[in-house]
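Each chain is listed here by its residues.
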Amino acid sequence: MKSFFVAALLTCVALPSLADDGDELFTLKSGDAEMTINIGKGGKILSLKLQDKEVLSQSRWPESFGSTFWTSPQKEWNWPPVQEFDKMPYTVEHNGEGRLVISSPVSQRLGLSVGKDFQTDASDGAFVVQYSIKNEGSEPRRVAPWEITRVVNGDGVIFFDAPVDSIWPAGLMTFQAAHSVAWYHTDEAPQNRKVNADGRGWLAWFADGLLLVKKFQDLHAGEPAPGEAEVQVYVNRGKSYIELESQGAYTLLQPGERLSWTVRWYLLPVSAEPQPSAVLAEKVKNIVR
């Protein structure tokens with residue numbers, strides 16, 4: 001296992017649950033928070049901790065841990081995820097001065113490649129992830145960026161800014177409106193469930209005293225890929241794992257053109273219960289305003 005440390009880190013990465021020989025692990029720090037990226041396996045964000053308290057799923061089941069990046073719409077590749085983007089090793093383009101830039105192999109099936117640029121922002125403590133998709137083919141292609149983040153299972157709440165009655169399909173998850181946002185308290189069901197919403201450029205998760213906020217481009221009607229949405233929430237049957245998903249605009253790329261899409265990650269401690277509250281709503285609004 002290779003370990004590289006960005007921003008002059010001197011401690012070793014210790015991820016025995018997921019790290020194997022041949023992995024390449026890069027770590028960024030922002031205050032007491034630490035993000036680890038696995039270059040050797042799809043450039044995934046493998047871990048996000050605050051003082052050794054983990055917020056991302058560390059499950060060993062495939063497609064159930066860390067945070068990954070796909071192209072949208074899914075109907076263009078169906079399942080499983082595109083190997084070049086999700087599983088195969090990425091190439092390191094830059095590593096130093098608190099910045100890591102990596103690139104995927106070209107997907108022969110889609111004619112696209114993916115780039116990821118990881119930095120921190122000392123002004124507000126954010127981890128800043130800039131994704132890119134490049135059209136490597138000879139024909140124009142439409143595509144959208146899509147980040148999929150699996151959080152630690154537990155008693156928690158997912159919330160975002162959208163009218164509850166606009167979340168679709170209706171009735172799959174029980175959302176409630178409070179403090180001007182929509183809230184879903186994690187529960188169990190015998191089937192997999194996924195909902196979509198036109199959010200307002202952010203998505204949050206709170207459990208076990210940790211608040212994770214992701215901030216991204218606020219899309220207008222018609223900008224997501226067909227059948228997709230700016231904000232998506234997926235809960236596996238039995239609540240065996242939970243995904244927070246966000247997407248960028250569906251963009252026409254000419255041959256050789258590249259789109260960029262940025263997600264700012266924030267992780268902070270909050271003394272609150274995992275339920276709708278003015279405290280949590282205000283914390284997020286202070287971040288995303």
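Residues numbered from 1 in each chain as written. Predicted model: local features only at pLDDT ≥ 70, side-chain atom pairs only at ≥ 80, totals over all residues. Heavy atoms only, no water.

Comments concerning the packing of aromatic side chains
The following threshold applies: When two rings of Phe, Tyr or Trp (its six-membered ring) have centres within 6.5 Å they constitute a pair, described as stacked for plane angles under 30 degrees, edge-to-face for angles over 60, and tilted for the intermediate range. Ring-over charges, as used throughout, are those where CZ of Arg or NZ of Lys falls within 6 Å of the ring centre and within 35 degrees of the ring normal.
Counted by the stated rule, this structure contains 13 aromatic pairs. When the centroid spacing of 5.9 Å and the interplanar angle of 35° are considered together, the rings of Tyr 234 and Tyr 241 count as tilted. Joined through ring pairs, the aromatic side chains of Phe 69, Tyr 131, Phe 216 and Trp 261 make up one cluster. Positioned over the ring face of Trp 265 is Lys 214, at 5.0 Å from the centre of the ring.

Thoughts on helix α2 (residues 278–288)
To keep it simple, the criterion reads: The classification of residues rests on relative accessible area computed with a 1.4 Å probe and restricted to protein chains. Under 20% of the type maximum is buried, over 50% is exposed, and intermediate values are partly exposed. Going along the chain from the N terminus, every DSSP run of H or I of four or more residues is numbered as a helix, and every run of E of two or more is numbered as a strand. Directions from the helix axis toward the C-beta atoms define the arc. Throughout, a contact is declared for two residues whenever any of their heavy atoms are within 4.5 Å.
Inspection of α2 places Leu 280, Ala 281, Val 284, Ile 287 and Val 288 among the buried residues, and these make up the whole buried set. Buried residues of α2 fall within an arc of 125° about the axis and therefore sit on the same side. Looking at the buried residues of α2, the elements they touch are β12 (156–160), β14 (181–185), β16 (202–207), β17 (210–215) and β21 (258–269).

Quick word on the sheet that holds β14
Put simply, the rule is: When DSSP finds two or more bridges between two strands, those strands count as paired. Fitted lines through C-alpha atoms serve as axes, helices being fitted only where they are in contact, and the angles separating the N-to-C directions of these axes extend from 0 to 180 degrees.
Spatially, ten strands are ordered β7-β8-β9-β10-β21-β17-β16-β12-β14-β13 in an open sheet, and the strand pairing comes out antiparallel. Strands with a single pairing partner mark the edges of an open sheet, and in this sheet they are β7 (91–96) and β13 (175–178). Strand-to-strand twist across the sheet, computed as the mean angle between neighbouring axes with direction ignored, equals 20°. The sheet contact formed by β17 and β21 spans six bridges and is antiparallel.

Digging into the environment of Gly 31
Position of Gly 31 among the secondary structure elements: in the loop between β2 (24–30) and β3 (33–38). For Gly 31, a relative accessible area of 65% gives the class exposed. Gly 31 sits 75 residues away from Val 106 along the chain, and the two C-alpha atoms are 35 Å apart.

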